[in-house]
Amino acid sequence: MSLSLIAKSIGESATLRLNEVAAILRAKGDPVIHLGGGEPKGKAPLDAILAATSLVNSGEVRYTPPDGIPALKQAIIRYTEDFYGWRPAPENVMASGGAKQAIMSALHAILDPQEEVIFPAPYWVSYPEMVKLVGAVPVPVEPEDGSFIPRIQDIEQVIGSYTKAVILNSPNNPSGAVYPAELIKDIVELCEKRGLWLIMDDIYHRLIYDGRKLVNPYDFATDRTDNSKLIIINGVSKQYAMTGFRIGWAVANTKLIEVMTNIQGHETSGPSAVLQHAAAAAINGVQSSVDSLCTTLENNRNVLIQELKAFDGVRLEEPGGTFYSFPDFSHYDKNSVRLSEFLLEKVQVVTVPGIEFGKEGHLRLSFCGSIKDITQGIERIKWALDPNAPNELYIGERKLVRDWS
Ligand SMILES: Cc1ncc(COP(=O)(O)O)c(C=O)c1O
């Protein structure tokens with residue numbers, strides 16, 4: 001079949017595939033534990049549900065402006081003022097079908113073929129494929145000291161004549177690392193100095209623990225004019241447990257937003273009217289669900305840290321945000337795909353191989369599920385990997401017998 005070279009270069013999303021695998025196993029009645037998930041389990045805020053149903057009930061669900069309905073744009077403006085201390089104009093804002101689409105439109109708008117985009121590893125699975133989709137070249141940067149937090153020199157070293165943009169995601173998927181304010185400052189300054197676009201993927205910015213404070217990139221920007229190349233990406237998926245609503249946004253200079261809106265207008269005509277109303281209501285509504293989500297996730301994270309601490313052979317850098325951890329399992333197997341498949345086959349625990357995020361030897365374990373999932377999931381992993389574990393493990397009524405060493 002004659003497919004485009006770009007299409008042929010794009011891999012499947014490992015995380016979405018694993019969601020499917022878990023759903024298929026569950027439907028078969030298998031007692032699978034999904035530690036690979038990427039969404040909070042709570043319900044969407046009531047304000048969002050009421051707003052969506054009210055529009056549906058009206059029967060008048062129409063096209064919207066391609067950059068979003070005024071009510072949602074106003075909500076995003078207020079959100080930006082509250083969390084970033086800057087009040088953008090409506091022309092600085094575009095709503096989109098999830099943060100994913102906002103990033104995609106931004107990449108389409110700023111990149112020509114062969115230009116390069118730098119992002120630290122471990123990175124979100126989609127960045128390399130998104131960059132490739134527009135014909136550009138992904139340049140992942142692994143911190144030289146093996147940690148999850150790059151140094152400014154790591155980034156500086158790979159900037160070349162083709163470099164057009166940097167993407168930062170902090171708190172980070174998959175590591176849960178929260179980049180220090182000093183690093184964000186240095187990168188904002190570096191990008192300004194070198195004339196690079198800086199895409200801040202802030203989708204997890206409110207999901208931070210241990211009393212951490214939000215880091216605001218605008219605090220470090222010296223160019224606050226409409227020439228600024230700082231692009232803020234955010235959305236309702238994670239913080240409001242609204243992943244299926246598919247609403248995100250970009251805040252950037254007016255020219256870029258105009259071009260991104262033209263692109264989005266031709267690609268999708270903009271996000272669904274129903275879901276935009278829901279997102280506006282979530283942003284404007286009672287915010288207690290975000291606070292309670294953070295409390296639950298911090299507690300889950302603490303349980304996960306405790307469980308993993310009691311696991312000889314596993315090294316963990318404690319996550320400071322998100323709902324992901326990225327422990328190092330290389331003591332057991334350096335090949336993360338093989339290890340993840342082994343755990344699924346032997347003890348029916350879904351994990352995501354580190355290689356999908358650009359770092360071998362690690363597995364991404366999520367803590368967005370229940371405490372029971374976390375404790376039992378790690379107990380099963382331990383049983384599968386620890387050669388000194390008892391020969392048998394019960395999963396409900398089912399007896400598993402170790403036939404490997
Ligand atoms: C780092 C990062 N950015 C963006 C997204 C996409 O968010 P959305 O659901 O708003 O498209 C995700 C989802 O997993 C993510 O982890």
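Keep in mind that this is a model prediction, so the values were computed, not measured.

Asker: What am I meant to see in the site of the ligand here?
Answerer: Near the ligand lie 13 residues; those nearest to it are Gly 98, Ala 99, Lys 100, Gly 235 and Ser 237. It is helix H5 (residues 98–110) that contributes the most residues to the shell around the ligand, 3 residues altogether. Across the shell around the ligand, the residue classes tally to 3 nonpolar, 8 polar and 2 charged.

Asker: Looking at this structure, how should I read the UniProt feature "domain: Aminotransferase class I/classII large" (unreviewed entry) in the protein?
Answerer: UniProt's feature table lists "domain: Aminotransferase class I/classII large" (unreviewed entry) at residues 31–381, given in the numbering used throughout. End C-alpha to end C-alpha, residues 31–381 measures 14 Å, and it is 40% helix and 13% strand.

Asker: How do you make sense of the domain arrangement of the protein when you look at a structure like this?
Answerer: Often the size quoted for an interface is simply the accessible area lost on bringing the parts together. Once the domains are mapped, the protein shows domain 1 (5–43 + 288–401) and domain 2 (46–284). Looking at the side of domain 1 that touches domain 2, the elements that each hand over two or more residues are helix H1 (5–9), helix H2 (14–27), helix H11 (288–309) and strand E9 (324–325). For the side of domain 1 that touches domain 2, the element with the highest residue contribution is H11, accounting for 7 residues. Of the residues contributing to the side of domain 1 that touches domain 2, the split by class is 13 nonpolar, 12 polar and 8 charged.

Asker: Could you clarify how one ought to interpret the environment of Leu 35 in this entry?
Answerer: Tracing the backbone through its elements, the reader meets Leu 35 in the loop between strand E1 (33–34) and helix H3 (46–58). Since 29 C-beta atoms lie within 10 Å of it, Leu 35 is described here as buried. With 299 residues separating them along the chain, Leu 35 and Lys 334 place their C-alpha atoms 19 Å apart. The contacts of Leu 35, once residues within four sequence positions are left out, are Val 349, Val 350, Thr 351, Leu 365, Ser 366, Asp 373 and Gly 377.

Asker: Honestly, H2 in this entry has me stumped. Any pointers?
Answerer: For an α-helix, the turn length of 3.6 residues means that residues three or four places apart are oriented alike. Relative to the 20 Å expected for 14 residues at 1.5 Å per residue, H2 spans 20 Å between its end C-alpha atoms, a close match to the ideal helical length. All of the buried residues along H2 are Thr 15, Leu 18 and Ala 22. Take H2 and look down its axis: the buried residues cluster within an arc of 60°, on one side only. Looking at H2, the residues exposed on the side facing more than 90 degrees away from the buried face are Leu 16, Glu 20, Ala 23, Ile 24 and Ala 27. In this structure, the buried residues of H2 make contact with E1, strand E10 (349–350) and strand E11 (352–353). Gly 29 sits one or two positions beyond H2 and adopts a positive phi of about 90°.

Asker: Would you take a moment to explain the packing of H5 against helix H9 (residues 254–267) for this structure?
Answerer: Think of two packed helices as two axes; the pair is described by the angle between the axes and how far apart they sit. Between H5 and H9, whose axes approach to 9 Å, the crossing angle comes to 110°. If you check the angle between H5 and H9, you find them roughly perpendicular. Two packed elements cross with a definite hand, and for H5 against H9 that hand is right-handed. Side by side, H5 and H9 meet where Ser 105, Ala 106, His 108 and Ala 109 of the first sit next to Leu 256, Val 259, Met 260, Ile 263 and Gln 264 of the second. For the contact of H5 with H9, a count of residues per class yields 6 nonpolar, 3 polar and no charged.

Asker: Please clarify how the sheet that holds strand E2 (residues 93–96) should be interpreted in this entry.
Answerer: In a beta sheet, neighbouring strands pair by backbone hydrogen bonds and run either parallel or antiparallel. The strand order E2-E8-E7-E6-E5-E3-E4 describes an open sheet built from 7 strands, whose pairing is mixed. Each edge of the sheet is formed by a strand with only one pairing partner; in this case those strands are E2 and strand E4 (137–141). The sheet shows a mean angle of 20° between the axes of neighbouring strands, taken without regard to direction. Of the strand pairs in this sheet, strand E3 (residues 116–120) and E4 are connected by 5 bridges, and their pairing is parallel. The partner of Pro 120 across the bridge, within E4, is Val 141. Here helix H4 (residues 70–84) sits on the sheet and contacts E2, strand E7 (230–235) and strand E8 (248–251); the angle it forms with E2, its principal contact strand, is near 115°.

Asker: Explain the pairing of strand E13 (residues 392–395) here, please?
Answerer: Working note: regular strand, side chains alternate between the two faces of the sheet. With 4 bridges joining them, E13 and strand E14 (residues 398–401) adopt antiparallel strand pairing. Counterpart to Leu 393 in the pairing with E14 is Leu 400. Here E13 folds back onto E14, and the loop between the two strands holds 2 residues, one of which, Gly 396, carries a positive phi near 60°.

Asker: How should unusual backbone geometry be read in this particular structure?
Answerer: With omega at 0°, the peptide bond leading from Ala 121 into Pro 122 counts as cis. Residue Asn 173 is joined to Pro 174 through a cis peptide bond whose omega torsion reads 25°. Among the secondary structure elements, Pro 174 is positioned in the loop between strand E5 (163–168) and helix H8 (181–194). Despite not being glycine, Asp 210 has its phi angle at roughly 60°, a positive value. Tracing the backbone shows Asp 210 in the loop between strand E6 (197–201) and E7. On the neighbour-count criterion, Asp 210 (11 C-beta atoms within 10 Å) is exposed. Residue Arg 246 is not a glycine yet carries a positive backbone phi of 60°. As for its position among the elements, Arg 246 is in the loop between E7 and E8. Overall, the presence of 19 C-beta atoms within 10 Å leaves Arg 246 in the partly exposed class.

Asker: I tried to follow the sheet that holds E11 on my own but got confused; where do I start?
Answerer: With respect to topology, 3 strands assemble into an open sheet ordered E9-E12-E11, the strand pairing being antiparallel. Either end of the sheet is taken by a strand with one partner, and the two such strands are E9 and E11. Where E9 lies against strand E12 (residues 363–366), 2 bridges are found, and the strand directions are antiparallel. Bridged to Ser 325 within E12 is Leu 365.

Asker: Looking at this structure, how should I read the environment of Ser 405?
Answerer: Relative to the helices and strands, Ser 405 is located in the segment after E14. Separated by 91 residues in sequence, Ser 405 and Val 314 have C-alpha atoms that sit 18 Å apart.

Scoring rules and cut-offs
- Here, residues in each chain are numbered from 1, in the same order as that chain's written sequence.
- Under the rules for a predicted model, residues below a pLDDT of 70 receive no local features and side-chain atom pairs below 80 are neither given nor counted, while totals for whole chains, interfaces and linings still include all residues.
- For each residue, a C-beta atom is placed from the backbone, and the residue counts as near a molecule or strand when that atom lies within 6 Å of it.
- Strands here mean DSSP runs of E at least two residues long; helices mean DSSP runs of H or I at least four residues long; both are numbered from the N terminus.
- Ten residues, namely Ala, Val, Leu, Ile, Met, Phe, Trp, Tyr, Cys and Pro, are considered nonpolar, four, namely Asp, Glu, Lys and Arg, are considered charged, and the remaining ones, Gly among them, are considered polar.
- UniProt positions are given in the numbering used here, feature names are shortened, and annotations may be inferred rather than shown by experiment.
- Where a domain begins and ends is set by an automatic assignment or by a domain database.
- For every residue, the other C-beta atoms within 10 Å of its own C-beta are counted; 20 or more classify it as buried, 12 or fewer as exposed, and values in between as partly exposed. C-beta atoms are placed from the backbone.
- Each residue is represented by a C-beta atom placed from its backbone, and any two residues with such atoms within 7 Å are regarded as in contact.
- To estimate the expected span of a helix, count its residues, drop one, and scale the result by 1.5 Å.
- Our arc is simply the arc of the directions from the helix axis toward the C-beta atoms.
- To define axes, lines are fitted to C-alpha atoms, for helices over the stretch in contact only, and angles between the resulting N-to-C directions are given on a 0 to 180 degree scale.
- If an angle is under 35 degrees, it is roughly parallel; if it is over 145, roughly antiparallel; if it lies from 65 to 115, roughly perpendicular; otherwise it is oblique.
- When the near helix sits turned anticlockwise from the far one by under a right angle, the crossing is termed left-handed; a clockwise turn instead gives a right-handed crossing.
- At least two bridges found by DSSP between two strands is the condition for calling them paired.

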